[in-house]
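Secondary and tertiary structure notes
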Amino acid sequence: MLTSFDNIPAADRVIVALDCDAWEAIALADKLEGHAKWLKIGMTLYYAEGPAIVKMFKRRGFNVFLDLKFHDIPHQVQGAARSAAASGADMLTMHTVGGVAMMEAGQRGAVEGAGEYGGEVPATLGITVLTSMSPEALAATGVARPLPEQVAALAAQTAEAGISGVVASPQEAAALRELLGPDAYIVTPGVRPAGAALGDQSRVATPAQAFKAGASHIVVGRPITEAADPVAAFDAIAAELESASR
């Protein structure tokens, strides 16, 4: 299925995950400026530095994926999403298992925060099943249905809640694209270039496989950030994706 993201340059659909401390994150951003468009700030960096780190990267021209995975009562998630959007974040996340009412509250908060910031409403993404989880790990939490069915059920609730899309493994991307249609954001972590170490990821694919399956964006961390030359590693992934799309 063709998507609304297919005409965006491949390099602008690769999100570099800065799961490190501030000094290292800033050094990486210095190197990647002019190459990468998107940076991901997760809990490690945000809890240490707060909204200031988002605002700094925004001033430098990056788009920021703020991945804090909100999961609380609707009132709290609405406030968290408002604060995240007011910092300038371009994407934010919440756990779909919080339910439709919670996700609706998150969307309201994102709209409110964007009004305070004076920018566009960020993409709001629902976390389905973490890419570090295997079917066995999911079953151990008490979820009886197969992992793909759990992902699809939770993704359907994001559409009901009116948020922008999902975060899911690239192995579920094709089914989710069929379910959610061409305009949904489908952001896939667990992406590893061929031959790269898996780290703590269980359900992975190469960048080209993820895009072919229907991902709107891919998240790549250690294969770029821990490379001897992060810029060369980023450019190699972008070149692979451009070549695969021809």
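Preceding block: the structure.
Throughout what follows, the structure given in this document is the object of discussion. Numbers given for residues are sequential positions, taken from 1 along each chain in its written order. Residue-level local features of this predicted model are given only where pLDDT is at least 70; pairs of side-chain atoms are given and counted only at 80 or more, and the full residue set underlies all totals for whole chains, interfaces and linings. Only hydrogens and water are removed before side-chain values are computed, so all heavy atoms of the structure are retained for them.

This part covers the environment of Leu-2. Relative to the elements of secondary structure, Leu-2 occurs in the segment before β1 (14–17). Partly exposed residues are those whose accessible area sits between 20% and 50% of the maximum for their type, while under 20% is buried and over 50% is exposed, using a 1.4 Å probe and protein chains only. For Leu-2, a relative accessible area of 71% translates into the label exposed. A sequence separation of 159 residues divides Leu-2 from Ala-161, and the C-alpha atoms of the two residues are 24 Å apart. Secondary structure is summarised from DSSP: a helix means a run of H or I of at least four residues, a strand means a run of E of at least two, and numbering begins at the N terminus for each.

Attention shifts here to the pairing of strand β2 (residues 38–41). The side chains of a regular strand alternate between both faces of the sheet. Burial of the side chains of β2 extends over both faces: Trp-38 and Lys-40 are buried on one face and Leu-39 and Ile-41 on the other. Any two strands are treated as partners once DSSP identifies two or more bridges connecting them. In this sheet, β2 lies alongside β1 in parallel orientation, the contact comprising three bridges. Across the sheet, Ala-17 pairs through a bridge with Lys-40, a residue of β2. Taking the sense of rotation as the criterion, the β-α-β connection linking β1, helix α1 (residues 22–32) and β2 turns out right-handed. Two strands pair when backbone bridges link them, and β2 and strand β3 (residues 63–70) are joined in this way by four bridges, in the parallel orientation. Note that in β3 the partner of Lys-40 across the bridge is Phe-65. Handedness of a crossover: with both strands directed away from the viewer, a clockwise path from the first strand across the helix to the second marks it as right-handed.

A word on the packing of helix α5 (residues 100–117) against helix α7 (residues 147–161). The relative placement of two packed helices comes down to the angle between their axes together with the axis-to-axis distance. With axes taken as lines fitted to C-alpha atoms, and helix axes fitted only over the stretch in contact, angles between N-to-C directions fall between 0 and 180 degrees. Following both chains from N to C, one finds α5 and α7 inclined at 50 degrees, their axes separated by 9 Å at the closest point. Compared by their axis directions, α5 and α7 come out oblique. Between α5 and α7 the crossing geometry is right-handed. For the pair α5 and α7, contact is made by Val-100, Met-103 and Glu-104 and by Gln-157, Thr-158, Glu-160 and Ala-161, respectively. Looking at the contact of α5 with α7 residue by residue, the class counts come to three nonpolar, two polar and two charged. Oblique is the label for every angle not falling under 35 degrees (roughly parallel), over 145 degrees (roughly antiparallel), or within 65 to 115 degrees (roughly perpendicular). Crossing handedness follows the turn of the near helix against the far one: under a right angle anticlockwise gives a left-handed crossing, and clockwise gives a right-handed one. In what follows, a contact means two residues having at least one pair of non-hydrogen atoms within 4.5 Å. Polar here means any residue other than Ala, Val, Leu, Ile, Met, Phe, Trp, Tyr, Cys and Pro, which are nonpolar, and Asp, Glu, Lys and Arg, which are charged; Gly is therefore polar.

Rolled over the atoms, a probe sized like a water molecule indicates the empty space that remains. Of the volumes computed, that of the second largest pocket is approximately 250 Å³. Around the second largest pocket sit Asp-6, Ile-8, Pro-9, Ala-10, Arg-13, Ala-208, Phe-211, Lys-212, Leu-241, Glu-242, Ala-244 and Ser-245, which together line it. At the level of secondary structure, the elements contributing two or more residues to the lining of the second largest pocket comprise α9 (207–213) and α11 (230–245). Partitioned by chemical class, the residues of the lining of the second largest pocket number seven nonpolar, one polar and four charged. Any residue with an atom within 4 Å of a point lines the site, the site being either a cavity, points on a 1 Å grid over the protein atoms alone where a 1.4 Å probe fits but cannot get out, or a pocket, an open set with protein on both sides within 12 Å along at least 5 of 7 lines. Grid points are joined across faces, edges and corners, and a volume is the space filled by probe spheres set on the points.

On to the side chain of Asn-63. Inspection of the secondary structure puts Asn-63 in strand β3. A relative accessible area of 16% places Asn-63 in the buried class. Dropping the residues within four chain positions of it, Asn-63 is found in contact with Lys-37, Trp-38, Leu-39, Lys-58 and Asp-90.

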